[in-house]
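# Residue-level structure breakdown
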Amino acid sequence: MIARYRVGVRLQAAFLVVTFAATACAPSGAEPASAEPSAAVQATLSVQPTLSIQPTAEPTIATAPSAAPEPAARIPEYPLTVSTAAFPLVPSLALRAAPINDDAIAFVRSSIERYLDMLDHFRATGATNRNALSLSGRFRDAVFSGMKASQDVERKFAIGSLHVDRYLVKPWGTRALAEATVTILDKATSGSLPDQTETGRLRLVGDRLFVVDAWDYASGSWFNGPAPMTADELRQQITWAITSYLGTETWVPGSAPVGFSDDSTPFWRARQAYLASLDHAAAPSRVFEDLTATIERYDTFSEIRDGLATARISGTVATKDPAGRVSRTSFARTLRVFFGNWVPQVVDEQTAAGVWMSGGDLALAARDMNAA
């Protein structure tokens, strides 16, 4: 049983370290950008000439320090209330088999090798707390048990043999899931002990194919198995996508403009045109009030948690004219929010019954990628 566990350990520990690395690279809301100057800037600073100032008979005129620039006005943050009303989670989307060709095998191999490299690093730290794995359920326990059982001498993992059993992609072509039977060698680097060898099945998910599970031969199933999205998780995760989407069409006097130049999909091109039509001069202030969202359905896959949520949002748009008069208009809009390999993001909006900004082309291949 320990040996079986060790296979799961190797793969998931590497996955853990990769997760840490991805978190460190995540955009807004994850890690703040470094305040250090770039290498180019540092190089420029280091070669600045030193000036020798000679005294003169001319009087020195003191100048007052320039005033610090006024900080930009802050756009108010919008509390969004997400309805607790039940909605269907519909497994209407299906993964499809892709050719298991040389390119696919090479990608799976490189993903597992990356995992093993990360696992070597994790084991070298001598971790003693299973919670440090940031995993859950039986798979976390298997990983932890395997790590403890292989700390006798300094060792390094390597792939002995590999067979890709399944290789699946999403309907728009993005890699989604792979399963492989792998023989892993655990080599004592000093050569003082023979190699330990274990063969088992691994499951990898995502466009970069991170190892997330291993087969439990004792029970005849995956340690954790698929972890479908739950209604509560969806309600929590959809909030940021909606409020950030509305933030691009919000301003107050003195606030820095929120802009972007994404024209990679039909939807974003239509969205750019809509934002350009908003009259900042006629309304120096435009904010939202009393925002609520109701999730109508979530279309997903049976084997992975990714999918597409349809949500109806409502509230009030409050605009202020140059004379300071405030007008409030209620609204209701329907959005589609995609949950894929990156943060949840709005990928479409309905402009009239049955009419969507995307024109029916969500272009998810352009949005469904890990940007870390």
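All of the points below concern the structure found in this document. Source: prediction; values computed, not measured.

Glancing now at the nonpolar core. As a rule of thumb, soluble globular proteins bury nonpolar side chains together. Residues Leu234, Ile238, Ile242 and Phe339 are the most contacted members of the largest nonpolar core, which totals 31 residues. Listing elements by their share of this core, those giving two or more residues are β1 (80-82), α5 (231-247), α6 (266-277), β9 (285-300), β10 (307-320) and β11 (326-339). The contact partners of Ile238, leaving out residues within four places of it in the chain, are Val82, Ile295, Ala309, Ala311, Val337 and Phe339. Residues Tyr115, Phe139, Ile159 and Ile184 belong to the second largest nonpolar core, which totals 28 residues.

Let us look at the side chain of Thr243. The topology assignment puts Thr243 in helix α5. Residue classification places Thr243 among the buried residues on the basis of a relative accessible area of 18%. Once residues lying within four places of it in the same chain are set aside, the contact partners of Thr243 are Tyr78 and Leu80.

Here we take up the pattern of salt bridges. One pass over the structure, following the stated rule, counts 20 salt bridges. With a closest N to O distance of 3.0 Å, Glu249 and Arg333 form a salt bridge. Residue Glu249 is located in the loop between α5 and α6, and its partner Arg333 is located in strand β11; the two are separated by 84 residues in the primary sequence. Given a relative accessible area of 11%, Arg333 falls into the buried group. With a closest N to O distance of 3.8 Å, Asp348 and Arg336 form a salt bridge. With Asp348 in strand β12 (residues 345-352) and Arg336 in strand β11, this pair connects stretches of sequence that are 12 residues apart. Residue Asp348 is classed as buried on the basis of its relative accessible area of 0%. Overlapping salt bridges bring together Asp165, Arg166, Glu179, Arg201, Arg203 and Glu303 as one network.

Each value, and the rule that gives it
- Residues numbered from 1 in each chain as written.
- Predicted model: local features only at pLDDT ≥ 70, side-chain atom pairs only at ≥ 80, totals over all residues.
- Heavy atoms only, no water.
- Core = buried A, V, L, I, M, F, W, Y, C linked by side-chain atoms within 4.5 Å.
- Buried < 20%, exposed > 50% of the residue type's maximum accessible area, 1.4 Å probe, protein only.
- Helix = DSSP H or I, 4+ residues; strand = E, 2+ residues; numbered from the N terminus.
- Contact = heavy atoms within 4.5 Å.
- Salt bridge = Lys/Arg side-chain N within 4 Å of Asp/Glu carboxyl O.

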